[in-house]
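Notes for the structure review
Letter by letter, the chains look like this.
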Amino acid sequence: MDTSNINDLSEVVEADRIHVWHHLSQHKQYETVDPRVIVEGKGLRVWDATGRETLDAVSGGVWTVNVGYGRESIANVVRDQLLKMNYFAGSAGSIPGAMFAQRLIEKMPGMTRVYYSNSGSEANEKAYKMVRQIAHQVHGGKKWKILYRERDYHGTTIAALASGGQEERKSFYGPYPEGFVPVPHCLEYRSQWGEVADYGLRAANAIEEVILREGPDTVGAIILEPVTAGGGVITPPEGYWPRVQEICKKYGLLLIIDEVVCGVGRTGKWFGYQQYGVQPDIVTMAKGVASGYAAISCTVTTEEVFEMFKGNPNDPLDYFRDISTFGGCTAGPAAALENMRIIEDEGLLENTTAMGERLMGNLNALMEKHAVIGQVRGKGLFIGAELVSDRTSREPLAEATVAAVVGAVMKRGVQIGMTNRSVPGFNNTLCLSPALISTADDVDQMSDAIDGALGEICG
């Protein structure tokens, strides 16, 4: 059915209601209200089946559409590539795959190899499999445990959930595989050690304590988000990352950085870890790599990691015996190349830094007006505002009230996000991650909508 010229979309909405199982949705509501169907996007704005226009301050709902909607040049390169060669398994190469890998590595000093798959969850799974195979082939079966941080999120598969620090997302999906061990989070606003003079150092040292408890010869890697996303938009305290790097080197841990959200410009640099002077062993990425114009994810490694899978060419089990079917699609790297060109040619890293500072300033100004804002934090166009019922005690605002604020913002024509299904009792942070093309007017519209919503809901 061609829907390109349909004026009455009621049939589409009804087909959606009857047949589509939406992500992260309680469907009981659709017995009495219509599901939302997005029809068109341009720049930062989207239109739904009712014709309603919304400024999208969450880049497709989940921090993805970094260069905005309606990019004809990306659509054109994808179309041209599909006509020429749409797919071949990743056991062979492709022109866009080779060329994007080269361009990507240029942005990542110290990294050399790109492994393609099709989602952030899968990119992290590949990293875990690398760690486990290295444990068997290099460490005699030892160093197989993988550390993860409370509040961090690494995907939706069983293994990715096992390594996730968001207990509500993990509920009812266990039992989980062994060997994934949590370390404390690093949110100073919610200090786990009371008043600490050098909180970044204390939070990092907590990782060493876990390593010593588990046994250094059992721990092979740690996976961390450079800025925690769905767990509360948590920027690391000063001194945290240098100490983490030091600990990894001391105990021979591979450092895996999950850039699925932060990667490809979101923080104002190509990658979030580059804000903190870290040198990872493995980097995973997805969402903004092609801004949602095609499915693609990458697991990027150093040459040292890559070389561990070439030890004995006569051993049929020695190499990395993994495949991702849709890692062989050429649309992803073709779209990613054009996405990267747009970011460079339009100066979007610089714009992200400037507009991020403006949005942060606007929200900090709102703190003087709304006592419900406990803290504003973030990096680039990746910002959170934690809402509290009392600033002194820092009692989190009830999740239902935070959701009402998000709804009131939406009523004012702006879509933002919030932490939800994440950390029990602490799903109280408003999340903003608009496209990197945001203008001053866009940013002001977002903060004005939040201002009005807080006044309406919280008084």
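This report concerns the structure included in the present document. (Residues numbered from 1 in each chain as written. Predicted model: local features only at pLDDT ≥ 70, side-chain atom pairs only at ≥ 80, totals over all residues. Heavy atoms only, no water.)

It is worth spelling out the layout of surface pockets at this point. Size it by volume and the second largest pocket reaches roughly 790 Å³. Contributing to the lining of the second largest pocket are 32 residues, with Gly 90, Ser 91, Val 114, Tyr 115 and Tyr 116 lying nearest its centre. The set of elements that each furnish at least two residues to the lining of the second largest pocket consists of helix H4 (95–106), strand E4 (113–117), strand E10 (297–301) and helix H10 (303–307). When grouped by side-chain class, the residues that make up the lining of the second largest pocket number 17 nonpolar, 12 polar and three charged. (1 Å grid on protein atoms, 1.4 Å probe; cavity = no way out; pocket = protein on both sides within 12 Å on 5 of 7 lines; lining within 4 Å. Points joined across faces, edges and corners; volume = space filled by probe spheres on them. Helix = DSSP H or I, 4+ residues; strand = E, 2+ residues; numbered from the N terminus. Nonpolar A, V, L, I, M, F, W, Y, C, P; charged D, E, K, R; others polar.)

What follows covers the packing of helix H12 (residues 348–367) against helix H14 (residues 440–458). Helix-helix packing is characterised by the crossing angle of the two axes and by the distance between the axes. Two numbers describe how H12 lies on H14: the axes approach to 10 Å, and their chain directions differ by 20 degrees. By the angle class used here, H12 and H14 are roughly parallel. Remark: the crossing between H12 and H14 carries right-handed chirality. Together, Met 355, Arg 358, Leu 359, Asn 362, Leu 363 and Leu 366 of H12 and Ala 440, Val 443, Asp 444, Ser 447, Ile 450 and Asp 451 of H14 make up the contact between the two elements. Residues belonging to the contact of H12 with H14 are distributed by class as follows: seven nonpolar, two polar and three charged. (Axes fitted to C-alpha atoms, helices over the stretch in contact; angles between N-to-C directions. Parallel < 35°, antiparallel > 145°, perpendicular 65-115°, else oblique. Left-handed = near helix turned anticlockwise from the far one by under 90°. Contact = heavy atoms within 4.5 Å.)

Moving on to the pairing of strand E8 (residues 254–258). Counting buried positions along E8 gives five out of five residues, so the element sits mostly inside the fold. Neither face of E8 is exposed, since Leu 254, Ile 256 and Asp 258 on one face and Leu 255 and Ile 257 on the opposite face are all buried. Once you follow strand E7 (residues 219–224) into helix H9 (residues 240–251) and on to E8, the crossover reads as right-handed. Pairing of E8 with strand E9 (residues 282–285), which is carried by three bridges, proceeds in the parallel orientation. Residue pairing for E9: Ile 256 is matched across the bridge by Ile 282. (Buried < 20%, exposed > 50% of the residue type's maximum accessible area, 1.4 Å probe, protein only. Right-handed = clockwise from strand over helix to strand, strands pointing away. Pairing = 2+ DSSP bridges.)

Moving on: the pattern of salt bridges. Tallied over the full model, the rule gives 32 salt bridges. Glu 303 is the partner of Arg 113 in a salt bridge, and the nearest nitrogen-oxygen pair spans 3.1 Å. Residue Arg 113 is located in strand E4, and its partner Glu 303 is located in helix H10; the two are separated by 190 residues in the primary sequence. For Glu 303, a relative accessible area of 27% gives the class partly exposed. Residues joined in a network through salt bridges with shared partners are Arg 103, Glu 106, Lys 107 and Glu 344. (Salt bridge = Lys/Arg side-chain N within 4 Å of Asp/Glu carboxyl O.)

Time to look at helix H5 (residues 120–138). Here H5 contains 19 residues, and its C-alpha end-to-end distance of 27 Å stays within 8% of the 27 Å for a straight helix at 1.5 Å per residue. The element H5 is largely enclosed, with a buried count of 14 among its 19 residues. Of the residues one or two after H5, Gly 140 is the one with positive phi, at around 60 degrees. (Expected span 1.5 Å × (residues − 1).)

Looking now at the sheet that holds strand E5 (residues 145–149). Strand order in the open sheet made by the seven strands is E4-E10-E9-E8-E7-E5-E6, with mixed pairing throughout. One side of each edge strand has no neighbouring strand; the edge strands of this open sheet are E4 and strand E6 (180–183). Recorded for the sheet is a direction-independent mean angle of 20 degrees between the axes of neighbouring strands. With five bridges connecting them, E4 and E10 associate as antiparallel partners. The residue bridging Arg 113 from the neighbouring strand is Thr 301, located in E10.

Moving on, we come to the packing of aromatic side chains. Under the criterion given, the structure shown has seven aromatic pairs. Here Trp 193 and Tyr 199 contribute two aromatic rings whose centre-to-centre distance is 5.6 Å and whose plane-to-plane angle is 50 degrees, an arrangement assigned as tilted. On the basis of relative accessibility, which here comes to 23%, the residue Trp 193 falls in the partly exposed class. The class of Tyr 199 is buried, set by a relative accessible area of 2%. On the numbers, 5.8 Å between centres and 80 degrees between planes, the contact of Tyr 240 with Trp 241 is edge-to-face. For the residue pair Tyr 240 and Trp 241, the accessibility class agrees, reading buried in each case. (Phe/Tyr/Trp six-rings, centres within 6.5 Å; stacked < 30°, edge-to-face > 60°.)

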